[in-house]
Every structure is written in structure tokens, then in C-alpha cells.
Amino acid sequence: NAGVTQTPKFRILKIGQSMTLQCAQDMNHNYMYWYRQDPGMGLKLIYYSVGAGITDKGEVPNGYNVSRSTTEDFPLRLELAAPSQTSVYFCASSGGQGNSPLHFGNGTRLTVT
Amino acid sequence: DAKTTQPTSMDCAEGRAANLPCNHSTISGNEYVYWYRQIHSQGPQYIIHGLKNNETNEMASLIITEDRKSSTLILPHATLRDTAVYYCIVRAWGGAQKLVFGQGTRLTINP
């Protein structure tokens, strides 16, 4: 059981480049989330999804896009990378019950220069 | 969701119980208290959650005061591997778990 898998682990982008951060879960969870964590800070929610085809904005959605075409996958797209998007990105999933805890991946460390 | 207040940092000796406090004075009746921890730069790890009764699992115990305005996470026999940032989060039951992470408590276990 792999849980939540994120790829790549590390990436360096130039300003203005685009990339997609991949996230997959094998727990058949309905809910999936993207968080970012800046150095020394707590996590902030970017986007989340309550099921395939349904996504919604979190606290800091600007500069990002998401899609959820399957239950398993929840990719995060950066269209025009900016230095302010340098961060560690965590994907998470949770089950359908009201108190199901979040299961996190190990993160993607992104640097934009 | 109610806000939480935690000490910035704490130290504990290896083998002793680590008691991490959290204040959530504005918690409402349908909100649960969750604890997560983040070891180094890994993804956060769920520890435990509770509503009003004390809870215990294989990782920790959660003690919630009768008025529910504060709680304490207890790691009964702390090891060096428990060194991490611990987050106390209050969240209502149901739906997407859009957790709000503060800065947490940095717990250092000393040999």
C-alpha cells in the first residue's frame, strides 16, 4: 500500500516556466488536497477536491490550477512560475467519513529562480 | 474554525512523558481537536483526534478539558524520533478536511 505518492521530489524552474506536480493515492479516498509550506511556516491550502470532477479553491489558489479526472490522481499545475512559488508542496487525501484523517505525501521541493 | 494557540517550542528528556498544550478557547460544540506532527521536512503525520472524551491510541493520548477550551497531547515515553513540529488543529466534523495549520510547537527530545 503506497498511500500518497508525489512526483517529482525536487524541481528547479526558471521564472515563467510551467510544470505539473503529480499526486496519486491508492486508498480510494474521495477527498484530495494540495498544500504549500514556506520555510518556517505552517501549511497553507491551495486547492482541494471532494471527488472526481469537483475542485475548489483553498486559502492561496492564485497562480495554480488543478484537475481531478480520476479518483486516484490530483495534479497541480503552475502555469507561469514566479519566485514567490518557491516552496514545498504537499498533497494529501482523506476518506469519506467525517473525521477521516489526512494522509500526506512526502512533498515536492520546488525552487523558482 | 476555531483558532489554536501553542507554545513555539518545548524540550523533553528521552524516556519521559512529553506534554504538549493547546488552547482553543473559541471552540464550538461540533468541532474536533486534531493533532498532527511533521518530522523534519516530511509530510505531516496524523496522531490523534477527539471531541470531548479523552482518547488514546498506539502513538499518544489526548486529554481535553471539561470546558473543551484546551487540550494536552501526551507522548508517554518520548524517544529521539519524536522530535518534530506538533500541530494542534480544530475542525468541524464532516466534509473536506480543510485543515488550517498554524506554526505548531517544535518539540525537541534530548538524550
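Residues numbered from 1 in each chain as written. Chains lettered and ligands numbered in written order. Predicted model: local features only at pLDDT ≥ 70, side-chain atom pairs only at ≥ 80, totals over all residues. Heavy atoms only, no water.

(A) Molecular detail of the pattern of salt bridges. In this structure the tally under the stated criterion is 3 salt bridges over all chains. A salt bridge links R36(A) to D38(A), with the shortest nitrogen-to-oxygen separation between them at 2.8 Å. Residues R37(B) and D82(B) are paired through a salt bridge, measuring 2.8 Å at the closest nitrogen-oxygen approach. Residue R37(B) is located in strand β3 (residues 31-38), and its partner D82(B) is located in the loop between β7 (70-75) and β8 (84-92); the two are separated by 45 residues in the primary sequence. Residue classification places R37(B) among the buried positions, given a relative accessible area of 10%. Classification of D82(B) as buried rests on a relative accessible area of 12%. (Salt bridge = Lys/Arg side-chain N within 4 Å of Asp/Glu carboxyl O. Helix = DSSP H or I, 4+ residues; strand = E, 2+ residues; numbered from the N terminus. Buried < 20%, exposed > 50% of the residue type's maximum accessible area, 1.4 Å probe, protein only.)

(B) Representation of the interface of chain A and chain B in the model. Each partner contributes residues to the interface: chain A has 22 residues there, and chain B has 21 residues. Here chain A meets chain B over a buried area of about 1,700 Å², counting both sides, of which 54% is carbon and sulfur. Along the contact surface separating chain A from chain B lie 0 salt bridges. Summed over the shared surface of chain A and chain B, the number is 6 residue pairs in polar contact (both at pLDDT 80 or more). Among the elements of the structure, β4 (31-37), β5 (43-51) and β9 (87-94) of chain A are those that each provide at least two residues to the side of chain A that touches chain B. Taken together, the residues of the side of chain A that touches chain B sort by class into 12 nonpolar, 9 polar and 1 charged. (Contact = heavy atoms within 4.5 Å. Buried area = accessible area lost by both parts, 1.4 Å probe. Polar contact = N/O pair within 3.5 Å; in protein donor to acceptor, adjacent residues only side chain to side chain. Nonpolar A, V, L, I, M, F, W, Y, C, P; charged D, E, K, R; others polar.)

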